[in-house]
Structure formats: C-alpha cells, structure tokens
Amino acid sequence: MSQQLVISHHDIYQLRRGWRLQWEAIQGCHVILYPEGMVKLSATAGAILEQVDGHHSIADIIATLQQRYPGAESLADDVVQFIDEARGNGWLAVKEVHCG
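Residues numbered from 1 in each chain as written. Predicted model: local features only at pLDDT ≥ 70, side-chain atom pairs only at ≥ 80, totals over all residues. Heavy atoms only, no water.

### Observations concerning the pattern of salt bridges
Definition in use: For this document, the term salt bridge refers to a Lys or Arg side-chain nitrogen within 4 Å of an Asp or Glu carboxyl oxygen. Each helix is a run of DSSP H or I of at least 4 residues and each strand a run of E of at least 2, with the numbering of both proceeding from the N terminus. Relative accessible area decides the class of each residue, using a 1.4 Å probe on protein chains only: under 20% of the type maximum gives buried, over 50% gives exposed, and in between gives partly exposed.
Scanning all chains against the criterion turns up two salt bridges. Note that Arg-68 is salt-bridged to Glu-50, the shortest N-O span being 3.7 Å. Taken together, the residues Arg-68 in helix H2 (residues 58–68) and Glu-50 in helix H1 (residues 43–51) connect sequence positions 18 residues apart. Classification of Glu-50 as partly exposed rests on a relative accessible area of 40%. Residues Arg-87 and Asp-84 are paired through a salt bridge, measuring 3.2 Å at the closest nitrogen-oxygen approach. With Arg-87 and Asp-84 both in helix H3 (residues 75–88), this residue pair falls three residues apart, about one helical turn. By relative accessible area, Asp-84 is classed as partly exposed at 27%.

### Focus: H3
Put simply, the rule reads: A helix is expected to span 1.5 Å multiplied by its residue count minus one. Only heavy atoms enter the contact rule, under which two residues are in contact if any of them lie within 4.5 Å.
Under the 1.5 Å per step criterion, the end-to-end length of H3 is 20 Å for 14 residues, consistent within 8% with the ideal 20 Å. Contacts made by the buried residues of H3 are with strand E1 (13–15), H1, H2 and strand E5 (92–94). Of the residues trailing H3, Gly-90 is marked for its positive phi of about 85 degrees.

### Digging into the nonpolar core
To keep things clear, this is the line we draw: For this analysis, a nonpolar core means a set of buried residues of the types Ala, Val, Leu, Ile, Met, Phe, Trp, Tyr and Cys, connected via side-chain atoms within 4.5 Å.
In terms of nonpolar packing, the biggest core is built from 23 residues, with Ile-32, Val-79, Phe-82, Ile-83, Trp-91 and Leu-92 touching the most fellow members. Within the residue set of this core, elements represented by two or more residues are E1, H1, H2 and H3. Considering every element that reaches this core, the biggest residue donor is H3, with five residues. Discounting residues that sit within four places of it in the chain, Ile-83 has contacts with Ile-7, Tyr-13, Ile-48, Val-52, Ile-58 and Leu-92.

### Focus on the sheet that holds strand E2 (residues 20–24)
Stated precisely, the cut-off is as follows: Note on pairing: DSSP must find at least two bridges between two strands before they are called paired. Here the axes come from fitting lines to C-alpha atoms, over the contacting stretch only for helices, and the angles between their N-to-C directions go from 0 to 180 degrees.
Reading across from one edge, E2-E3-E4 is the order of the three strands in this open sheet, with antiparallel pairing throughout. Two strands lie at the open edges of the sheet, namely E2 and strand E4 (37–40), each paired on one side alone. Between one strand axis and the next, the sheet turns through 35 degrees on average, direction left out of account. Of the strand pairs in this sheet, strand E3 (residues 29–34) and E4 are connected by four bridges, and their pairing is antiparallel. Across the sheet, the residue bridging to Tyr-34 is Gly-37, located in E4.

This is the structure:
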C-alpha cells in the first residue's frame, strides 16, 4: 500500500538531479529531459514546472500563476494535484529547508 504524502503550500520543490525542463520547438511543448528519455508536458504542466526552481514555494507558484491566469478558478487545486502527481512519478524532489 503506498503512503499518501501531504503537500504543504510552504514546500519548495525542484526537478530531480540530472533532470531538465526545456521548451522543445519540434514537439511544440515543454519537455522534461532525463537520462533515460523525455516526458512531453501539457501546456498547464509546463507553466507550473517553469516555476518549480528550488527557490519558490508552492504558495509562491500559485500566486505567480494566479497573476498570469486570473480567470483560472481551480488553479491552486490544479497546482497541488500536479505537484503531487509529478512527485509520485519521481520527477520532483522536495528541497530541504533548514530553519534557524
């Protein structure tokens, strides 16, 4: 049985080491490149992952995307759901933040 991990809006994520997000003109979309291959992303996934840089929290990402797409009603839920799926797929790692 897999364990459901809780995503906090304060969490900061980054792509796994050795993985890279880039725009692929031939594919007409963002892709994640990794040592064994490539993952094509939807426009929504690409917009979210552009913000996942190891510096911005989930709350920061949501705020940025809400400014960019003010009419998107379920944007916060969509971001959290995507981050959860991307983490479950092994694309993302949570960045350790040390307080104090």
